[in-house]
Amino acid sequence: MKAHAGTIYLVGAGPGDPKLITVHGREVLESADAVVHDRLISPELLKLARVGARIVDVGKAPGRASRSQDEINDLLIALAREGLSVCRLKGGDPFVFGRGGEEVLAARAAGIPVVVVPGISSALAGPTAADVPVTHRGVESSFTVVTGHDARSAGDAGVDWQRIAGTPGSIVVLMGVGNLGAIAGKLIEGGRPPDEPVRVVERATLPGQRVLSGTLATIEPRAREAGLTAPAVIVVGPVVGVLNDSETS
Ligand code: SAH
């Protein structure tokens, strides 16, 4: 399917491995006139853009001012108004902590057609790539995905950790590796046992993926020692270790 002129496509790029974009996403990427992407997008994927396509990196990079969400919205709308087909390439799925909904609303308000192409979220691919089935018959029948971004601050991004801890099922935390100690502490406070298994998956599905396992009580010092950094997915619950207890790092 060739991308249409004057249309914005919100495309989920998948968790990292360039092979994990969808066929639809790839077709849009290969045919779009402009590609507007985040920082975590694989260079291999960007190579698929057609020769002459306008490529704009709107991601945050150390030492460079990142564009505000408003600026990104304006850029997408301006490119579409120029008559270009626009591939807005976002990590994982566009609607999982990706501010994709805001981009859809802005485009619609401007009268620009928008097509959303789902992607494989790191919330799912992270655990799966680290041998953790987030649900497993007889072990867990649900999972919660939550942001760990503000776990140390008073506001907590509106996350009620007490409630998250008290909800049955596996817990998947995105944007949490920098706050691992605070998150583990809050889950224990909320009633999860200190020996509940935890696995952290750094750079899931990418070369150099690292996996570290522990418990709520031990994971923070272990992750610190190993120097684990973003991007990483944290998965908490008895499902960790259902398939194996191994780790690679
Ligand atoms: N929309 C994205 C999430 C954006 S928030 C998605 O659906 O995956 C960014 C967070 O996603 C990171 O802080 C990290 O927690 C997670 N993440 C994204 N790519 C990852 C990867 N390859 N490995 C581990 N975590 C990843």
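Residues numbered from 1 in each chain as written. Predicted model: local features only at pLDDT ≥ 70, side-chain atom pairs only at ≥ 80, totals over all residues. Heavy atoms only, no water.

Draft legend 1. Spatial organisation of the side chain of Glu140. Note that Glu140 resides in the loop between α5 (122-129) and β6 (143-147). Buried Glu140, no salt bridge; nearest opposite-charge side chain is Arg192, N-O distance 4.9 Å. A polar atom in the side chain of Glu140 sits 3.4 Å from the backbone nitrogen of Gly169. (Helix = DSSP H or I, 4+ residues; strand = E, 2+ residues; numbered from the N terminus. Buried < 20%, exposed > 50% of the residue type's maximum accessible area, 1.4 Å probe, protein only. Lys, Arg positive; Asp, Glu negative; His and termini not counted. Salt bridge = Lys/Arg side-chain N within 4 Å of Asp/Glu carboxyl O. Polar contact = N/O pair within 3.5 Å; in protein donor to acceptor, adjacent residues only side chain to side chain.)

Draft legend 2. Spotlight on a nonpolar patch on the surface. Together, Phe97, Leu124, Phe143, Val145 and Met175 line one region of the surface with nonpolar side chains, adding up to about 420 Å² of accessible area. For Met175, the location among the structural elements is in the loop between β7 (170-174) and α7 (180-189). What makes Met175 partly exposed here is its relative accessible area of 42%. (Patch = residues over 30% accessible without salt bridge, like charges linked within 9 Å, V, L, I, M, F, W, Y side chains within 5 Å. Areas by Shrake-Rupley, 256 points an atom, 1.4 Å probe, with all protein chains shown as cover.)

Draft legend 3. Quick look at the site of the ligand. The environment of the ligand is formed by 17 residues, the closest being Pro15, Val96, Ser121, Ser122 and Ala232. For the ligand, an oxygen atom lies 2.8 Å from a polar atom in the side chain of Ser121. Ala232 places a main-chain nitrogen or oxygen 2.7 Å from an oxygen atom of the ligand. In the complex, the protein chains occlude 90% of the 550 Å² of accessible area that the ligand would expose alone. (Near = heavy atom within 4 Å.)

Draft legend 4. Representation of the side chain of Ser85 within the structure. Within the element layout of this structure, Ser85 appears in the loop between α3 (69-81) and β4 (86-90). Setting aside residues no more than four positions away along its own chain, Ser85 makes contact with Ala3, His4, Ala5, Gly6, Thr7, Ser31, Ala32, Asp33 and Ala34. (Contact = heavy atoms within 4.5 Å.)

Draft legend 5. Expanded view of the sheet that holds strand β3 (residues 54-57). Taking strand neighbours across the sheet as the criterion, the five strands line up as β3-β2-β4-β1-β5 in an open arrangement whose pairing is parallel. One side of each edge strand has no neighbouring strand; the edge strands of this open sheet are β3 and β5 (114-117). Strand-to-strand twist in this sheet, taken as the mean axis angle between neighbours without regard to direction, amounts to 15°. Summarising the sheet, strand β1 (residues 8-12) and β4 pair through five bridges and their orientation is parallel. By the bridge assignment for β4, Gly12 is matched with Lys90. (Pairing = 2+ DSSP bridges. Axes fitted to C-alpha atoms, helices over the stretch in contact; angles between N-to-C directions.)

Draft legend 6. Looking closely at the pairing of β4. Of all five residues that make up β4, five are buried, and the element is covered over most of its length. Neither face of β4 is open: one carries Val86, Arg88 and Lys90, the other Cys87 and Leu89, and all of them are buried. In the sheet, strand β2 (residues 34-37) pairs with β4 via four bridges, with the strands oriented parallel. When the sheet's bridge partners are listed, Ala34 is paired in β4 with Val86.

Draft legend 7. Highlighting the nonpolar core. Counting 23 residues, the largest nonpolar core has Trp161, Leu187, Val200 and Ile234 as the members making the most contacts within it. Contributions of two or more residues to this core are made by α6 (161-166), β7, α7, β8 (197-202), α8 (219-226) and β10 (232-236). With four residues, the single largest contributor to this core is α7. Leaving out residues up to four positions away in the same chain, Ile234 has contacts with Ile171, Val172, Val173, Gly176, Val177, Leu180, Ile183, Val198, Arg199 and Val200. One finds Ile72, Leu76, Ala80 and Ala106 within the second-largest nonpolar core, a separate group that totals 18 residues. (Core = buried A, V, L, I, M, F, W, Y, C linked by side-chain atoms within 4.5 Å.)

Draft legend 8. Highlighting the sheet that holds strand β9 (residues 210-215). Read across the sheet, five strands follow the order β6-β7-β10-β8-β9 without closing on themselves; strand pairing throughout is mixed. Both outer strands of the open sheet, β6 and β9, are each paired with one neighbouring strand and no more. Going across the sheet, the axis of each strand differs from the next one's by a mean of 20°, ignoring polarity. Of the pairings in the sheet, the one linking β7 to β10 comprises four bridges and is antiparallel in character. By the bridge assignment for β10, Val172 is matched with Val235. Those strands touched by α8 are β8 and β9, and its axis lies near 150° from that of β9.

These values are about where atoms sit, not about what they do.
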